[in-house]
Amino acid sequence: MDGELFPRERTLIAPGAVHVPDWLGAGRQGELLAACRAWARPPAGLRTVRTPGGGVMTARQVCLGLHWYPYGYARTVVDGDGAPVKPMPGWLAELGREAVAAAYADAPDPPDPAAAYDIALINFYDGDSRMGMHRDAEEKSAAPVVSLSLGDTCVFRFGNTASRGRPYRDVELRSGDLFVFGGASRLAYHGVPKVLPGTGPRDLGLTGRLNITLRVGGLG
């Protein structure tokens, strides 16, 4: 994937949780958006996620590598068209490793850089979409979770590992920002209480917000 990375000042949000503003340059954001639009097409495209209790997530989703559903993984879209999930591209897995290296560049005990990112969850938020507090706990690997933002700014709420309540910290994630959480924060609760419509870069050509979350499944 072409384009430049522009690491800015890193901010430690919690132990193991790092925010890197403006990590993706404009060119790479555009390329990533084009790829997301291709992945969103059927089969195994963008879908509405339904919870076991009958609820509906307001953010729509497409998966790569393995299909996530509440609360597990499968190789086919079990709650959609039943098609095999799209493969995880090698360049996207490499982007995950680059992200971890950038986030933990000064850490005394950084994570294993050889971890193979094999799952991607791409969530699309319109202006009314939200994501409740949850943990990314279906993976067997302890490798950090990598989060990339495109389009509209959101309020990202990063909490603790014990409960969905306080203490938590609200961080504004803008287009191009990187957020990585691992180590002591790998199983922290987090969510998106608000999207700020119309705040994305005009040149990107995206109405709404895309979040690309990269994970290492360790599921065999």
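Above: the structure in question.
All figures in this text were calculated on a predicted structure; none of them were measured in a lab. (Residues numbered from 1 in each chain as written. Predicted model: local features only at pLDDT ≥ 70, side-chain atom pairs only at ≥ 80, totals over all residues. Heavy atoms only, no water.)

Some words on empty space enclosed by the protein
Selection rule: Grid points spaced at 1 Å over the protein atoms alone were grouped into cavities, where a 1.4 Å probe fits but cannot get out, and pockets, open sets with protein on both sides within 12 Å along at least five of seven lines, with lining residues defined by an atom within 4 Å of a point. Grid points are joined across faces, edges and corners, and a volume is the space filled by probe spheres set on the points. In this classification, the charged set is Asp, Glu, Lys and Arg, the nonpolar set is Ala, Val, Leu, Ile, Met, Phe, Trp, Tyr, Cys and Pro, and all remaining amino acids, among them Gly, are polar.
Under the defined criterion, the tally for this structure stands at one cavity of 30 Å³ or more. A volume near 30 Å³ is recorded for the largest cavity. The wall of the largest cavity is formed by Ala44, Gly45, Arg47, Gln61, Val62, Cys63, His67, Val77 and Val85. Class assignment of the residues belonging to the lining of the largest cavity gives a composition of five nonpolar, three polar and one charged.

Brief notes about the nonpolar core
Note the following rule: Among buried residues, those of type Ala, Val, Leu, Ile, Met, Phe, Trp, Tyr and Cys that are joined through side-chain atoms within 4.5 Å constitute a nonpolar core. Classification of residues uses two cut-offs on accessible area relative to the type maximum, computed with a 1.4 Å probe and protein chains only: under 20% is buried, over 50% is exposed, and between them is partly exposed. A helix here means a DSSP run of H or I that spans at least four residues, while a strand means a run of E at least two residues long, and both kinds are numbered starting from the N terminus. Contacts are assigned to residue pairs that have any heavy atoms within 4.5 Å of one another.
Grouped together as the largest cluster of nonpolar side chains are 37 residues, with contacts concentrated most on Trp23, Leu92, Tyr117, Ile122, Val146, Leu148 and Leu150. Among the elements of the structure, β2 (17-20), α1 (26-39), β3 (60-64), α2 (90-103), β6 (119-125), β8 (145-151), β11 (178-181) and β13 (209-215) are those that each provide at least two residues to this core. For this core, the element with the most residues is α2, which contributes seven residues. Contact partners of valine 146, with chain neighbours within four places excluded, come to Gly96, Ala99, Val100, Tyr117, Leu178, Phe179, Val180, Ile212, Thr213 and Leu214. Core analysis: the next-biggest nonpolar cluster, separate from the first, contains 26 residues, Val85, Phe156, Phe158 and Phe181 among them.

Points about α1
Heads up, the condition is: Multiplying 1.5 Å by the residue count of a helix minus one yields the expected span of that helix. As used here, the arc belongs to the directions running from the helix axis to the C-beta atoms.
Under the 1.5 Å per step criterion, the end-to-end length of α1 is 20 Å for 14 residues, consistent within 8% with the ideal 20 Å. Every buried residue of α1 is accounted for by Arg28, Gln29, Leu32, Leu33, Ala35, Cys36 and Trp39. The arc that holds the buried residues of α1, viewed along the axis, is 165 degrees, so those residues lie on one side.

A few points about the environment of tryptophan 68
Formally: Definition of a polar contact: a pair of N or O atoms within 3.5 Å, with one able to donate and the other able to accept a hydrogen when the atoms are protein atoms, and with sequence-neighbouring residues admitted only if both atoms are side-chain atoms.
Mapping tryptophan 68 onto the fold places it in strand β4 (residues 67-69). Overall, the relative accessible area of 9% leaves tryptophan 68 in the buried class. With near-sequence residues (within four places) excluded, tryptophan 68 lies in contact with Arg47, Val49, Met57, Gln61, Cys63, Tyr73, Leu121, Glu138 and Arg215. One polar contact links tryptophan 68 to glutamate 138, side chain to side chain, over a distance of 3.0 Å.

Topic: α2
Counted at 1.5 Å a residue, the expected span for α2 with its 14 residues is 20 Å, and the 20 Å between its end C-alpha atoms agrees. Residues of α2 that are buried: Leu92, Ala93, Leu95, Gly96, Ala99, Val100, Ala102 and Ala103.

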